[in-house]
Amino acid sequence: MALRLVSDFDLRKDVLPWLRSQRAASAAPGARGGGPGVLENNYESLRILNVERNENIIYTYKDDKGNVFFGLYDCRTRQNEHLYTFEKDLHVVSCSVNSERTLLAASLVHFTKEGRKNELQPGSKCLTLLVEIHPVNNVKVLKAVDSYIWVQFLYPHVESRPLAENHLLLISEEKYIEKFHIQVIQEDGNRVVLKDSGHLPRERVAEDFVWAQWDMSEQRLYYVDLKMSRSVLKCIQFSADGKFNLMFEAPLDITLSDSGFKLVNFGCDDLQDQKNLSKHLTLCVFTNHTGTLCVCYSPKFDSWGKITYTVFYFHKGHSKTFTAALGSVDSHVTKGLTFLNLDYYVAVYLPGHFFHLLNIQHPDLICHSLFLTGNNEVVDMLPHSPLQSLSGSLVLDLCSGKLYRAVLNQSYLLQFLWNTQLDCEKMAVLHCVLSCGRDPQFLEAKLIQWISENVSACHSFDLIQEFIIASSYWSIYPETSNMDKLLPYSSVFAWDTEIPGITLVTEEIPLPFMKVHSFKGYWEKLNSNLEYVKYSKPRLLYDNSMVQKEWHSLISEEKTGRRRSMVYMRNIRENAMKVISNLEARNLEPRLTPLFQEEDNHQRLLMGLMVSELKDHLLRHLQGIEKKKIEQMVLDYISKLLDLICQILETSWRKHHLHPQLLHCRRASAAEFTVFHLMTRILEATRTLFLPLPPGFHTLHTMLGVHCLPLHNLLHYFDNGVLLLTETAVTRLMKDLDNSEKNEKLKFSIIVRLPPLIGQKICRLWDHPMSSNIISRNHVRVLLLNYKKQPRSSMIDKSPGSVEFLPLNYFIEILADIESSNPALLAFEGHDNVDAKFVEEAALKHTTMLLGL
């Protein structure tokens, strides 16, 4: 399945065997009592209470006498520890342990058989206790009220030394949150006790809220309060010293009843009836290290014919409301909608109906997110029990008592890519594999293999373009978090094709109002994202339009003989050399494809211009990053573009066992046709985006074209610019092809299409009367180009080589005089291919034309 849940903890496997061993030890003759004990028929009482920031898991269970035991499982050491025992039949609402494991806070209520355990009976009390557990000592009552209380210790980000002060949050069902300051001291060695148990300072953190969520990893509190019937999301950040700041306020266009009360991730209480989740709204906040801020919301289900959920992408300034068709109703539908945080993605799924993998890093186009309906096996392979998404990618299954780490299944996604028929799914999976891959080289190789065999499989977008742009983007993205604003993530900027089974509505939303003015870490990145949304119109994404304009200008100047300054051109050439050197340093394995074996000045010019333009673009918009690092990022990015093209070609070349000397075979094979078609698609992809190609690509493409195409098709490719007649390719053709009738037609067709300067050079390589004729005509044209008529003697001396036709003798004498006065024009005469008879024929024809005969 696309989502793989890797088990980090299992109550049955990691705790139950230890409990049995402890019970057996306590029951042994001579053993002292008081240790943990459990009976097999009391296994149902074993449940998870909380997962702390260090991923330590607190659990509880009851023995046959109803005594409540608290235990801790350390995920790092894989060891269990008995924390405390209440020798009363109580129901545990909430529990938390400080980072040093010296204090335990618990909230408990009396268990009454007459009423349900999730309802306080009249006159009953909820006790919130603070217990010294290192060693077990005093118990302090923090609260004794008629409403439920949840507890949560704050965890410092640095756990290098014991803290003299601990901080404990108390969350009340009466809609307020308090923070207790708890000072501890050491007595008699390692014994830790409260410094002043009679007076624990407290302060209000929040009040009058209707919903709250705890982020254990980042130590943040999100909550929603109602201001004039409008929902406002707020966030409080706690620091290591216990201080806290209100970071932002953001209006939410959702309906929350002021009589409702919902907590998310404040422990793992079982007060809510998990069987009726579909009757309640779902609201959760997800962030990641790049500064994203997403709020996922699903209202109460009104109809089982469809389900609606909204994702507020605050870091992008818009929200998307999705409506998914459910189809038939089954028994699993009452489990409710689940949102899971997967770093760059958020998974939304309804067991048995659909699975939606939302791209929260680049949410603009729906095609970058993967939507699978109930017809796909992945929907049924996910757990049907309610899952609780904790910080990061941790997922808790309360019903089974398992803690998972959710990861995207790369092998499944690659297999899915081969089988799917929809362009939107191919696009989404391609990006998913590239963004979440833990072995980029391996995944790129697999994707290239798929692309090589399915290059024409997509109709809505260019597969090669998308792969080159996306893979190059992700190769450099980790260098800086602002890269998503400056480099293109996709070659597609609009998507009009419907996604089967789902519709969406996009709306602009008010941005969060930041309440502080100094930012660090995540908050600095979030603020940067918000500033970009506010002020960056139009977008700052790099494109090659300026490079295209400058490149055409330089090529035009080259043809007309004009030149830019030597310093400018030298800088462009050095840029290209740096790219090629950087590329060669990254790839030490020899290539079978005959690339990088010629200068290819035009492609080097394009590389150098792109380096210069991209470097200027990044320097303008990346503040605080040194110039050398930006220059290296540019070289890495362009090298990656070229390397991907080489890899695509190399993969196909190796698969079809092609030989570098293509003209050795008499007839082109099917394999050569396949590679030629692939190269043509690569050329189309790079031309549209105006990206450079590896030097030698055009030569290789042309040689394959000559080998694979009939003459009329080949000439059509030449005339339409699909195949380029590079000097290297034409030179090889003139030398390697014999002078059969077919090859003579090809060679002559090529020569007449060459620019004059290259054409004259190539003609001298072809030992054939036709080339001699062309050389002679060109030579006479050059001689007469600047000829000025001068008075001459009427008497013509007949030399031994003269002919009877007097005008021709006169014309030959003129040519001889021009040659004698311009020795530089005779440079070609030493060449064996020059035929004097053709010079005479050309002269006679020229005279006939001048005389009008």
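Let me sum up the structure you'll find in this document. (Residues numbered from 1 in each chain as written. Predicted model: local features only at pLDDT ≥ 70, side-chain atom pairs only at ≥ 80, totals over all residues. Heavy atoms only, no water.)

Here's the deal with the overall build of the protein
Phase 1: Looking only at helices and strands, the protein has 21 helices and 32 strands in total.
Phase 2: Of all 853 residues assigned to the protein, the portion counted as buried reaches 53%. (Helix = DSSP H or I, 4+ residues; strand = E, 2+ residues; numbered from the N terminus. Buried < 20%, exposed > 50% of the residue type's maximum accessible area, 1.4 Å probe, protein only.)

What about the nonpolar core?
Phase 1: With 152 residues, the main nonpolar core has Phe354 and Trp495 as its most contacted residues.
Phase 2: Here this core gets 14 residues from one element, more than from any other, and that element is helix H12 (residues 627–655).
Phase 3: In contact with Trp495, other than residues within four places in its own chain, are Leu365, Ile366, Cys367, Asp423, Cys424, Met427, Ser460 and Phe461.
Phase 4: The next biggest cluster of nonpolar side chains, apart from the first, holds 57 residues, and it includes Val15, Trp18, Val93 and Trp150. (Core = buried A, V, L, I, M, F, W, Y, C linked by side-chain atoms within 4.5 Å. Contact = heavy atoms within 4.5 Å.)

Looking at the sheet that holds strand E4 (residues 68–74)
Phase 1: If you trace the four strands from one edge of the open sheet to the other, you get E2-E3-E4-E5, paired in antiparallel fashion. Two strands in the sheet have a free side with no partner beyond their single neighbour: strand E2 (47–51) and strand E5 (79–86). Each neighbouring strand pair of the sheet contributes to a mean axis angle of 25°, computed without reference to strand direction.
Phase 2: Sheet topology note: the strand E3 (residues 57–62)/E4 ladder contains six bridges and is antiparallel. By the bridge assignment for E4, Tyr59 is matched with Gly71. (Pairing = 2+ DSSP bridges. Axes fitted to C-alpha atoms, helices over the stretch in contact; angles between N-to-C directions.)

Brief notes about the pairing of strand E6 (residues 90–97)
Phase 1: For E6, a buried count of eight out of eight residues is recorded, marking the element as mostly surrounded by other parts of the structure.
Phase 2: Where E6 meets strand E7 (residues 103–110), seven bridges bridge the pair, whose relative direction is antiparallel. Note that in E7 the partner of Val92 across the bridge is Leu108.
Phase 3: Between E6 and E7, which pair antiparallel and follow one another directly, the connecting turn spans five residues, one of which, Arg101, has a positive phi of 60°.

Considerations on the environment of Asp89
Phase 1: Position of Asp89 relative to the elements: it lies in the loop between E5 and E6.
Phase 2: Classification of Asp89 as partly exposed rests on a relative accessible area of 41%.
Phase 3: Note: C-alpha distance between Asp89 and Lys62 (27 residues apart in sequence) is 8.2 Å.
Phase 4: A distance of 2.8 Å separates a polar atom in the side chain of Asp89 from a polar atom in the side chain of Lys62. (Polar contact = N/O pair within 3.5 Å; in protein donor to acceptor, adjacent residues only side chain to side chain.)

Some points on the packing of aromatic side chains
Phase 1: According to the stated counting rule, one finds 29 aromatic pairs in the structure shown.
Phase 2: Measuring from centroid to centroid gives 5.8 Å for Phe209 and Phe261, while their planes differ by 40°, and the two rings are tilted. Separated by 52 residues along the polypeptide, Phe209 in strand E15 (residues 209–215) and Phe261 in the loop between strand E18 (244–252) and strand E19 (262–264) bring together distant segments of the chain.
Phase 3: Judged by relative accessible area, Phe209 falls into the buried class, the value being 0%.
Phase 4: For Phe261, a relative accessible area of 26% gives the class partly exposed. (Phe/Tyr/Trp six-rings, centres within 6.5 Å; stacked < 30°, edge-to-face > 60°.)

Describing H12
Phase 1: Taking 1.5 Å per residue as the helical rise, H12 with its 29 residues ought to reach 42 Å, and the 42 Å between its terminal C-alpha atoms agrees with that figure.
Phase 2: Immediately beyond the C-terminal end of H12, within one or two residues, lies His657, with a positive phi of roughly 55°. (Expected span 1.5 Å × (residues − 1).)

What to know about the environment of Phe70
Phase 1: Mapped onto the elements, Phe70 comes out in strand E4.
Phase 2: Phe70 gets classed as buried once you look at its relative accessible area, which sits at 0%.
Phase 3: For the pair Phe70 and Tyr59, spaced 11 residues apart in sequence, the C-alpha to C-alpha distance is 5.9 Å.

Observations concerning unusual backbone geometry
Phase 1: Cis rather than trans, the peptide bond between His134 and Pro135 has omega equal to 0°.
Phase 2: Looking at the element boundaries, Pro135 is found in the loop between strand E8 (126–133) and strand E9 (136–145).
Phase 3: Even without a glycine there, the phi angle at Glu55 is positive, about 70°.
Phase 4: Within the fold, Glu55 resides in the loop between E2 and E3.

Looking at the packing of helix H4 (residues 423–436) against helix H5 (residues 440–453)
The packing of two helices is summarised by the inter-axis angle and the distance between the axes.
Phase 1: At a closest axis distance of 10 Å, the pairing of H4 and H5 adopts a crossing angle of 155°. On the basis of the axis angle, H4 is roughly antiparallel to H5. By crossing handedness, the relation of H4 to H5 is classed as left-handed. Of H5, the residues touching H4 (which contributes Lys426, Leu430, Val433 and Leu434) are Leu443, Glu444, Leu447 and Trp450.
Phase 2: Grouping the constituent residues of the contact of H4 with H5 by class yields six nonpolar, no polar and two charged. (Parallel < 35°, antiparallel > 145°, perpendicular 65-115°, else oblique. Left-handed = near helix turned anticlockwise from the far one by under 90°. Nonpolar A, V, L, I, M, F, W, Y, C, P; charged D, E, K, R; others polar.)

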